[in-house]
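Survey of secondary and tertiary structure
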Amino acid sequence: MTTGFSNSRGGHAQSHGTATSPPIIGPAGKLAHIAIVSSGARGALGLSVKAGLEQLGRKVTYLPYTDWLPGLTGATFRGSGLINRGLASLSRPAIEVRLVAALAKAKPDLVLIIKCDDLHGATYTAIRRATSAPIIAFHPDDPWNQARAFRKGPAHVRADLQIRTVDAMFLWSRALTEKAAREGAQRAFYVPFACDPALHPAIESVTPEEEQAFAADVTFIGNWDAEREAWLAPVADAGFDLAIWGADYWKNRCKHEGLRKAWRGRPLLGREQSAAARVTKVMVNVLRKQNKGACNMRTFEIPAVGAFMLH
(Lines give C-alpha, C1' and ligand atoms only; values in the text may rest on other atoms or scores of the structure.)
Protein backbone atom coordinates (compact mmCIF):
# COMPACT_ATOMS: atom_id res chain seq x y z
CA MET A 1 0.00 0.00 0.00
CA THR A 2 1.34 3.41 -0.94
CA THR A 3 0.53 6.64 0.83
CA GLY A 4 1.87 10.02 -0.18
CA PHE A 5 2.32 13.53 1.19
CA SER A 6 2.66 16.20 -1.47
CA ASN A 7 5.27 18.78 -0.50
CA SER A 8 4.20 21.99 -2.22
CA ARG A 9 7.59 23.65 -1.70
CA GLY A 10 9.53 20.71 -3.09
CA GLY A 11 6.99 20.20 -5.84
CA HIS A 12 6.87 16.42 -5.67
CA ALA A 13 5.18 13.65 -3.74
CA GLN A 14 7.05 11.71 -1.11
CA SER A 15 5.86 8.10 -0.86
CA HIS A 16 6.21 6.14 2.34
CA GLY A 17 5.87 2.39 1.92
CA THR A 18 5.16 0.23 -1.13
CA ALA A 19 3.90 -3.29 -1.79
CA THR A 20 7.45 -4.59 -1.38
CA SER A 21 8.48 -2.16 1.36
CA PRO A 22 5.63 -1.77 3.89
CA PRO A 23 5.62 1.07 6.40
CA ILE A 24 7.42 0.44 9.66
CA ILE A 25 4.97 -0.57 12.38
CA GLY A 26 5.86 0.16 15.98
CA PRO A 27 8.15 2.66 17.70
CA ALA A 28 10.98 3.64 15.42
CA GLY A 29 13.67 6.29 15.36
CA LYS A 30 12.73 9.60 16.93
CA LEU A 31 8.97 9.27 16.53
CA ALA A 32 8.17 6.75 19.27
CA HIS A 33 6.32 9.29 21.45
CA ILE A 34 3.97 11.88 19.96
CA ALA A 35 2.10 14.59 21.86
CA ILE A 36 -1.20 15.69 20.33
CA VAL A 37 -2.63 19.11 21.17
CA SER A 38 -6.31 19.16 20.29
CA SER A 39 -9.81 18.86 21.77
CA GLY A 40 -11.24 16.07 23.88
CA ALA A 41 -14.80 16.51 22.62
CA ARG A 42 -16.53 13.46 21.17
CA GLY A 43 -15.77 13.20 17.49
CA ALA A 44 -12.72 15.48 17.67
CA LEU A 45 -10.26 14.94 14.84
CA GLY A 46 -7.39 14.62 17.30
CA LEU A 47 -8.98 11.56 18.91
CA SER A 48 -9.09 9.77 15.56
CA VAL A 49 -5.44 10.68 14.93
CA LYS A 50 -4.55 9.40 18.40
CA ALA A 51 -6.19 6.04 17.72
CA GLY A 52 -4.39 5.72 14.40
CA LEU A 53 -0.97 6.49 15.87
CA GLU A 54 -1.52 4.05 18.70
CA GLN A 55 -2.41 1.34 16.18
CA LEU A 56 0.98 2.04 14.61
CA GLY A 57 2.61 1.36 17.97
CA ARG A 58 3.35 4.94 18.94
CA LYS A 59 3.03 6.25 22.46
CA VAL A 60 0.64 9.21 22.52
CA THR A 61 0.26 11.95 25.11
CA TYR A 62 -3.07 13.68 24.50
CA LEU A 63 -3.51 17.28 25.65
CA PRO A 64 -7.06 18.68 25.17
CA TYR A 65 -5.87 22.28 25.11
CA THR A 66 -9.09 23.56 23.50
CA ASP A 67 -11.14 22.27 26.42
CA TRP A 68 -9.05 24.23 28.93
CA LEU A 69 -10.29 27.57 27.58
CA PRO A 70 -13.26 28.95 29.54
CA GLY A 71 -16.52 29.81 27.88
CA LEU A 72 -20.07 30.77 28.71
CA THR A 73 -22.86 28.29 28.04
CA GLY A 74 -26.60 28.26 28.58
CA ALA A 75 -29.52 30.25 27.26
CA THR A 76 -28.61 33.36 29.28
CA PHE A 77 -25.45 33.97 27.26
CA ARG A 78 -26.50 32.41 23.96
CA GLY A 79 -24.94 34.35 21.12
CA SER A 80 -22.49 36.16 23.40
CA GLY A 81 -19.51 35.58 21.10
CA LEU A 82 -17.72 38.79 22.10
CA ILE A 83 -17.97 37.86 25.79
CA ASN A 84 -16.62 34.38 25.13
CA ARG A 85 -13.73 35.76 23.09
CA GLY A 86 -12.98 38.25 25.84
CA LEU A 87 -12.84 35.53 28.48
CA ALA A 88 -10.63 33.38 26.27
CA SER A 89 -8.25 36.28 25.59
CA LEU A 90 -7.85 37.03 29.30
CA SER A 91 -7.20 33.41 30.22
CA ARG A 92 -5.18 32.34 27.18
CA PRO A 93 -1.68 33.27 28.49
CA ALA A 94 -2.17 31.12 31.60
CA ILE A 95 -3.58 28.24 29.52
CA GLU A 96 -0.61 28.40 27.15
CA VAL A 97 1.78 28.27 30.13
CA ARG A 98 -0.10 25.18 31.28
CA LEU A 99 0.34 23.65 27.82
CA VAL A 100 4.10 24.27 27.77
CA ALA A 101 4.43 22.77 31.27
CA ALA A 102 2.49 19.66 30.23
CA LEU A 103 4.65 19.17 27.14
CA ALA A 104 7.84 19.72 29.16
CA LYS A 105 6.71 16.97 31.53
CA ALA A 106 5.75 14.58 28.70
CA LYS A 107 9.02 15.08 26.76
CA PRO A 108 7.61 13.87 23.41
CA ASP A 109 9.64 13.22 20.26
CA LEU A 110 7.12 15.15 18.16
CA VAL A 111 4.42 17.72 18.92
CA LEU A 112 1.35 17.53 16.66
CA ILE A 113 -1.08 20.45 16.93
CA ILE A 114 -4.57 19.91 15.53
CA LYS A 115 -5.77 23.44 14.72
CA CYS A 116 -5.32 25.29 18.10
CA ASP A 117 -4.38 28.25 15.91
CA ASP A 118 -4.69 30.81 18.70
CA LEU A 119 -1.25 30.15 20.21
CA HIS A 120 1.13 33.08 20.54
CA GLY A 121 4.53 33.02 18.86
CA ALA A 122 6.33 32.92 22.19
CA THR A 123 4.51 29.69 23.05
CA TYR A 124 5.97 27.86 20.04
CA THR A 125 9.44 29.02 21.13
CA ALA A 126 8.77 27.85 24.69
CA ILE A 127 7.58 24.44 23.45
CA ARG A 128 10.78 23.96 21.46
CA ARG A 129 12.95 24.91 24.43
CA ALA A 130 10.97 22.67 26.78
CA THR A 131 10.87 19.58 24.55
CA SER A 132 13.54 19.91 21.81
CA ALA A 133 10.85 18.34 19.61
CA PRO A 134 9.75 19.46 16.13
CA ILE A 135 6.29 21.02 15.95
CA ILE A 136 3.82 19.94 13.27
CA ALA A 137 0.37 21.48 12.78
CA PHE A 138 -2.73 20.39 10.88
CA HIS A 139 -5.39 23.03 10.19
CA PRO A 140 -8.80 21.54 9.30
CA ASP A 141 -10.22 24.89 8.12
CA ASP A 142 -9.02 27.74 5.93
CA PRO A 143 -6.35 29.50 8.04
CA TRP A 144 -6.92 32.76 6.17
CA ASN A 145 -10.69 32.82 6.73
CA GLN A 146 -10.23 34.45 10.12
CA ALA A 147 -12.78 35.64 12.65
CA ARG A 148 -12.71 39.35 13.40
CA ALA A 149 -14.63 41.54 15.81
CA PHE A 150 -17.62 41.85 13.48
CA ARG A 151 -17.00 38.98 11.05
CA LYS A 152 -17.32 35.27 11.64
CA GLY A 153 -14.69 32.83 10.44
CA PRO A 154 -13.40 29.36 11.34
CA ALA A 155 -9.81 30.45 11.92
CA HIS A 156 -8.14 32.56 14.62
CA VAL A 157 -6.34 35.80 13.75
CA ARG A 158 -3.03 34.09 14.62
CA ALA A 159 -3.57 31.16 12.23
CA ASP A 160 -1.14 32.55 9.65
CA LEU A 161 1.43 33.00 12.43
CA GLN A 162 1.12 29.28 13.13
CA ILE A 163 1.77 28.49 9.47
CA ARG A 164 5.00 30.51 9.46
CA THR A 165 6.22 29.29 12.85
CA VAL A 166 5.79 25.51 12.97
CA ASP A 167 8.36 23.18 11.44
CA ALA A 168 5.81 21.71 9.02
CA MET A 169 2.22 22.55 8.16
CA PHE A 170 -0.36 20.00 7.00
CA LEU A 171 -3.37 21.30 5.03
CA TRP A 172 -6.26 19.45 3.38
CA SER A 173 -6.36 21.55 0.21
CA ARG A 174 -3.66 21.72 -2.47
CA ALA A 175 -4.50 25.38 -3.05
CA LEU A 176 -4.06 26.19 0.65
CA THR A 177 -0.84 24.17 0.74
CA GLU A 178 0.57 26.18 -2.14
CA LYS A 179 -0.53 29.44 -0.50
CA ALA A 180 1.15 28.45 2.77
CA ALA A 181 4.40 27.78 0.93
CA ARG A 182 4.22 31.19 -0.77
CA GLU A 183 3.50 32.98 2.50
CA GLY A 184 6.38 31.72 4.56
CA ALA A 185 5.70 28.17 5.75
CA GLN A 186 8.94 26.33 6.47
CA ARG A 187 7.41 23.19 4.96
CA ALA A 188 3.86 22.70 3.67
CA PHE A 189 2.26 19.32 2.96
CA TYR A 190 -1.04 18.31 1.41
CA VAL A 191 -2.84 15.78 3.63
CA PRO A 192 -6.52 15.27 2.74
CA PHE A 193 -9.30 14.41 5.12
CA ALA A 194 -10.43 10.82 5.65
CA CYS A 195 -13.04 8.69 7.37
CA ASP A 196 -12.49 7.15 10.79
CA PRO A 197 -14.27 3.76 10.54
CA ALA A 198 -14.34 3.43 14.32
CA LEU A 199 -16.28 6.70 14.63
CA HIS A 200 -18.48 6.25 11.53
CA PRO A 201 -18.80 2.48 10.99
CA ALA A 202 -20.20 0.83 7.86
CA ILE A 203 -23.16 -0.84 9.54
CA GLU A 204 -24.96 -3.79 7.93
CA SER A 205 -28.43 -3.01 9.29
CA VAL A 206 -30.33 -0.46 11.33
CA THR A 207 -32.82 -0.88 14.15
CA PRO A 208 -36.53 -0.08 13.69
CA GLU A 209 -35.99 2.94 15.96
CA GLU A 210 -33.17 4.21 13.72
CA GLU A 211 -35.29 3.63 10.62
CA GLN A 212 -38.09 5.73 12.09
CA ALA A 213 -35.77 8.49 13.32
CA PHE A 214 -33.53 8.90 10.27
CA ALA A 215 -35.35 7.70 7.12
CA ALA A 216 -35.75 10.41 4.43
CA ASP A 217 -35.66 10.93 0.69
CA VAL A 218 -32.80 13.42 1.02
CA THR A 219 -30.56 14.08 4.02
CA PHE A 220 -28.08 16.86 4.66
CA ILE A 221 -25.71 16.73 7.64
CA GLY A 222 -23.93 19.98 8.40
CA ASN A 223 -24.32 23.50 9.70
CA TRP A 224 -26.12 26.38 8.07
CA ASP A 225 -24.70 28.99 5.76
CA ALA A 226 -26.36 31.11 3.08
CA GLU A 227 -25.05 29.07 0.15
CA ARG A 228 -26.22 25.79 1.67
CA GLU A 229 -29.63 27.36 2.19
CA ALA A 230 -29.70 28.37 -1.48
CA TRP A 231 -28.82 24.86 -2.67
CA LEU A 232 -31.23 23.03 -0.36
CA ALA A 233 -34.25 25.35 -0.71
CA PRO A 234 -35.33 23.94 -4.12
CA VAL A 235 -35.20 20.42 -2.66
CA ALA A 236 -37.67 21.43 0.04
CA ASP A 237 -39.80 23.39 -2.47
CA ALA A 238 -40.02 20.31 -4.74
CA GLY A 239 -41.75 18.40 -1.96
CA PHE A 240 -39.05 15.85 -1.19
CA ASP A 241 -38.89 14.43 2.32
CA LEU A 242 -35.81 16.37 3.42
CA ALA A 243 -33.98 15.89 6.71
CA ILE A 244 -31.39 18.43 7.88
CA TRP A 245 -29.13 17.65 10.83
CA GLY A 246 -26.91 20.39 12.26
CA ALA A 247 -26.52 23.13 14.86
CA ASP A 248 -29.34 25.56 15.68
CA TYR A 249 -28.20 28.13 13.11
CA TRP A 250 -30.75 26.33 10.90
CA LYS A 251 -33.42 27.62 13.28
CA ASN A 252 -31.97 31.05 14.08
CA ARG A 253 -30.49 32.19 10.75
CA CYS A 254 -32.16 30.19 7.98
CA LYS A 255 -34.84 32.27 6.23
CA HIS A 256 -36.47 29.46 4.25
CA GLU A 257 -39.50 28.11 6.10
CA GLY A 258 -39.30 24.68 4.45
CA LEU A 259 -35.69 24.22 5.55
CA ARG A 260 -36.49 25.30 9.09
CA LYS A 261 -39.19 22.61 9.15
CA ALA A 262 -36.75 20.04 7.73
CA TRP A 263 -34.21 20.71 10.51
CA ARG A 264 -34.26 17.80 12.97
CA GLY A 265 -33.07 19.82 15.95
CA ARG A 266 -29.48 18.67 16.41
CA PRO A 267 -26.28 17.49 14.67
CA LEU A 268 -25.51 13.83 13.90
CA LEU A 269 -22.28 12.01 14.71
CA GLY A 270 -20.95 8.48 14.88
CA ARG A 271 -23.30 5.52 14.41
CA GLU A 272 -26.29 7.85 14.09
CA GLN A 273 -24.70 9.45 11.03
CA SER A 274 -24.01 6.00 9.57
CA ALA A 275 -27.60 4.91 10.25
CA ALA A 276 -29.01 8.05 8.60
CA ALA A 277 -26.87 7.37 5.54
CA ARG A 278 -28.16 3.79 5.33
CA VAL A 279 -31.86 4.74 5.38
CA THR A 280 -31.67 7.81 3.13
CA LYS A 281 -32.05 7.65 -0.64
CA VAL A 282 -29.66 10.56 -1.32
CA MET A 283 -27.10 12.15 1.01
CA VAL A 284 -26.33 15.71 -0.12
CA ASN A 285 -22.92 17.24 0.65
CA VAL A 286 -22.59 20.98 -0.01
CA LEU A 287 -19.08 22.31 0.56
CA ARG A 288 -18.65 25.48 2.61
CA LYS A 289 -16.66 28.46 1.36
CA GLN A 290 -13.44 27.32 3.04
CA ASN A 291 -13.70 23.87 1.40
CA LYS A 292 -14.27 24.99 -2.18
CA GLY A 293 -12.18 23.14 -4.73
CA ALA A 294 -11.32 20.42 -2.23
CA CYS A 295 -13.30 18.26 0.17
CA ASN A 296 -14.65 17.97 3.69
CA MET A 297 -14.93 15.08 6.15
CA ARG A 298 -18.25 13.86 4.74
CA THR A 299 -16.66 13.56 1.31
CA PHE A 300 -15.17 10.37 2.75
CA GLU A 301 -17.57 9.47 5.56
CA ILE A 302 -20.69 9.08 3.39
CA PRO A 303 -19.32 6.69 0.74
CA ALA A 304 -17.35 4.83 3.39
CA VAL A 305 -20.61 3.66 5.00
CA GLY A 306 -22.09 2.60 1.66
CA ALA A 307 -24.44 5.50 1.02
CA PHE A 308 -25.24 7.42 -2.17
CA MET A 309 -23.77 10.92 -2.09
CA LEU A 310 -24.64 13.91 -4.26
CA HIS A 311 -21.62 16.19 -3.80
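Rules behind the numbers
- Residues numbered from 1 in each chain as written.
- Predicted model: local features only at pLDDT ≥ 70, side-chain atom pairs only at ≥ 80, totals over all residues.
- Heavy atoms only, no water.
- Helix = DSSP H or I, 4+ residues; strand = E, 2+ residues; numbered from the N terminus.
- Buried < 20%, exposed > 50% of the residue type's maximum accessible area, 1.4 Å probe, protein only.
- Polar contact = N/O pair within 3.5 Å; in protein donor to acceptor, adjacent residues only side chain to side chain.
- Contact = heavy atoms within 4.5 Å.
- Pairing = 2+ DSSP bridges.
- 1 Å grid on protein atoms, 1.4 Å probe; cavity = no way out; pocket = protein on both sides within 12 Å on 5 of 7 lines; lining within 4 Å.
- Points joined across faces, edges and corners; volume = space filled by probe spheres on them.
- Nonpolar A, V, L, I, M, F, W, Y, C, P; charged D, E, K, R; others polar.

**A word on the side chain of Ser 274**
Position of Ser 274 relative to the elements: it lies in helix 11 (residues 271–278). Among the residues examined, Ser 274 registers a relative accessible area of 1% and is labelled buried. Only 2.8 Å separates the side chain of Ser 274 from the backbone oxygen of Pro 201, close enough to count as a polar contact. Residues within four places of Ser 274 in sequence aside, it is in contact with His 200, Pro 201, Ile 203 and Val 305.

**A few points about the sheet that holds strand 11 (residues 280–284)**
Strand pairing in a sheet relies on backbone hydrogen bonds. The paired strands run either parallel or antiparallel. Spatial strand order, 10-9-11-12: four strands in an open sheet with parallel pairing. With one partner strand each, in any of the chains shown, strand 10 (242–245) and strand 12 (309–310) form the two edges of the open sheet. Of the strand pairs in this sheet, strand 11 and strand 12 are connected by two bridges, and their pairing is parallel. From the neighbouring strand, Met 283 faces strand 12, where its bridge partner is Met 309.

**Notes on the layout of surface pockets**
Empty pockets left among the atoms are what a rolling probe the size of a water molecule brings to light. What the second largest pocket holds in volume is close to 220 Å³. In terms of lining, the second largest pocket is formed by Val 218, Glu 227, Trp 231, Leu 232, Val 235, Val 284, Asn 285, Val 286, Leu 287, Lys 292, Leu 310 and His 311. A per-element tally of the lining of the second largest pocket places helix 8 (residues 226–237) first, with four residues. Considering only residue class, the lining of the second largest pocket consists of eight nonpolar, two polar and two charged.

**Some points on unusual backbone geometry**
With glycine set apart, most residues show a phi of negative sign, and most peptide bonds adopt trans. Within the chain, Lys 107 stands out as a residue other than glycine whose phi angle is a positive 50 degrees. Although it is not a glycine, Ser 132 sits at a positive phi angle of roughly 60 degrees. Mapped onto the secondary structure, Ser 132 falls in the loop between helix 4 (121–131) and strand 6 (135–139). Exposure remark for Ser 132: the relative accessible area of 68% places this residue in the exposed category.

Honestly, that's just the spatial picture; any functional story needs more than this.
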